[in-house]
Amino acid sequence: MDFFLLLPGAFFAPIIHEWVKARVSATLGDPVPRNSGFLRWNPLKYFEPIGFFFMMMFHVGWGRPVPTSPLYYKDRRMGTILVHTAPILANLLVGMLAAFLWTAILRDALFARAGASEWGMRTLVYTNRAMHRFVQMNIGLAVFSLIPVFPMGGSKLLQLFVSPETSMRLNHYEKPMQIILILMLIFGMLQMLIFPIRDFIFGLVW
């Protein structure tokens, strides 16, 4: 049952993240997301199997990275900041709105109406858990995306604040850093850093 409760968050959180990234970049004049087919609302376009697996198993992961080109932005620095912070804010906003709508408006009313039915009450209990996971995964992905390792947006943001030499060095070690990141996820070390922040934000909005 836990598998099915995790599905909504694991599937939609990365899609929201990457769709917002594509939309913001296109709005700033970048034709690459549109030419690559990323502005069509086709969820499978943003689906990345390994990232989805990590979302299901470790509650953090990623979607298929949307290709963008800052060469088309009028202000490359500000454009890059917007393109890679907007998806993070979008995940936070979606998580906060979902928590508010469910806990403040829908949950109590639906539980009251389902009180006479054991099946209805059980369904709402599972729905409550699924919403709990959905909010957690959106907030968790927002925090995870700040990590400065590709494909996380934090890697692009970091390069704006380091020297060209340091940026080239980071690009050179991109693959080893990705392997280290995955190993840290598998062995739970990265979650020890991410989850306390996620749970703090979650506690404020749930």
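Everything numeric here is computed off the predicted structure, so don't read it as measured data.

Asks: Where do I start with the nonpolar core in this structure?
Replies: As a rule of thumb, nonpolar side chains are buried together in soluble globular proteins. Within the largest apolar cluster, 22 residues are counted, with the highest numbers of intra-cluster contacts made by Phe144, Ile147, Leu185, Leu190 and Ile194. The element that contributes the greatest number of residues to this core is helix 3 (residues 49–58), accounting for five residues. Among residues more than four places away in sequence, those in contact with Leu185 are Phe54, Phe58, Val60, Trp62, Phe144, Leu190 and Gln191. Leu92, Ala98, Ala99 and Ile139 belong to the second largest nonpolar core, which has ten residues in total.

Asks: I tried to follow the packing of helix 5 (residues 118–144) against helix 9 (residues 191–205) on my own but got confused; where do I start?
Replies: Any two packed helices are characterised by how steeply their axes cross, that is the angle between the axes, and by the distance between the axes. Contact pair helix 5 / helix 9: the axes reach a minimum separation of 9 Å and the direction vectors enclose 130°. Between helix 5 and helix 9, the angle is such that the two are oblique. Relative to helix 9, the crossing made by helix 5 is right-handed. Two secondary-structure elements touch here, helix 5 through His132, Val135, Gln136, Ile139, Gly140, Val143 and Phe144 and helix 9 through Ile194, Ile197, Arg198, Asp199, Ile201, Phe202 and Val205. Split into classes, the residues belonging to the contact of helix 5 with helix 9 amount to nine nonpolar, three polar and two charged.

Asks: How do you make sense of unusual backbone geometry when you look at a structure like this?
Replies: Trans is the prevailing form of peptide bonds, just as negative phi is the prevailing case for residues other than glycine. Of the consecutive residues Phe150 and Pro151, the connecting peptide bond is found in the cis state with omega at 10°. By the element assignment, Pro151 lies in the loop between helix 5 and helix 6 (153–159). Phi angles above zero are rare outside glycine, and His59 is one such case at about 70°. With respect to the helices and strands, the residue His59 is situated in the loop between helix 3 and helix 4 (76–113). Residue class for His59 comes out buried when judged on its relative accessible area of 17%.

Conventions and cut-offs
- Residues numbered from 1 in each chain as written.
- Predicted model: local features only at pLDDT ≥ 70, side-chain atom pairs only at ≥ 80, totals over all residues.
- Heavy atoms only, no water.
- Core = buried A, V, L, I, M, F, W, Y, C linked by side-chain atoms within 4.5 Å.
- Buried < 20%, exposed > 50% of the residue type's maximum accessible area, 1.4 Å probe, protein only.
- Helix = DSSP H or I, 4+ residues; strand = E, 2+ residues; numbered from the N terminus.
- Contact = heavy atoms within 4.5 Å.
- Axes fitted to C-alpha atoms, helices over the stretch in contact; angles between N-to-C directions.
- Parallel < 35°, antiparallel > 145°, perpendicular 65-115°, else oblique.
- Left-handed = near helix turned anticlockwise from the far one by under 90°.
- Nonpolar A, V, L, I, M, F, W, Y, C, P; charged D, E, K, R; others polar.

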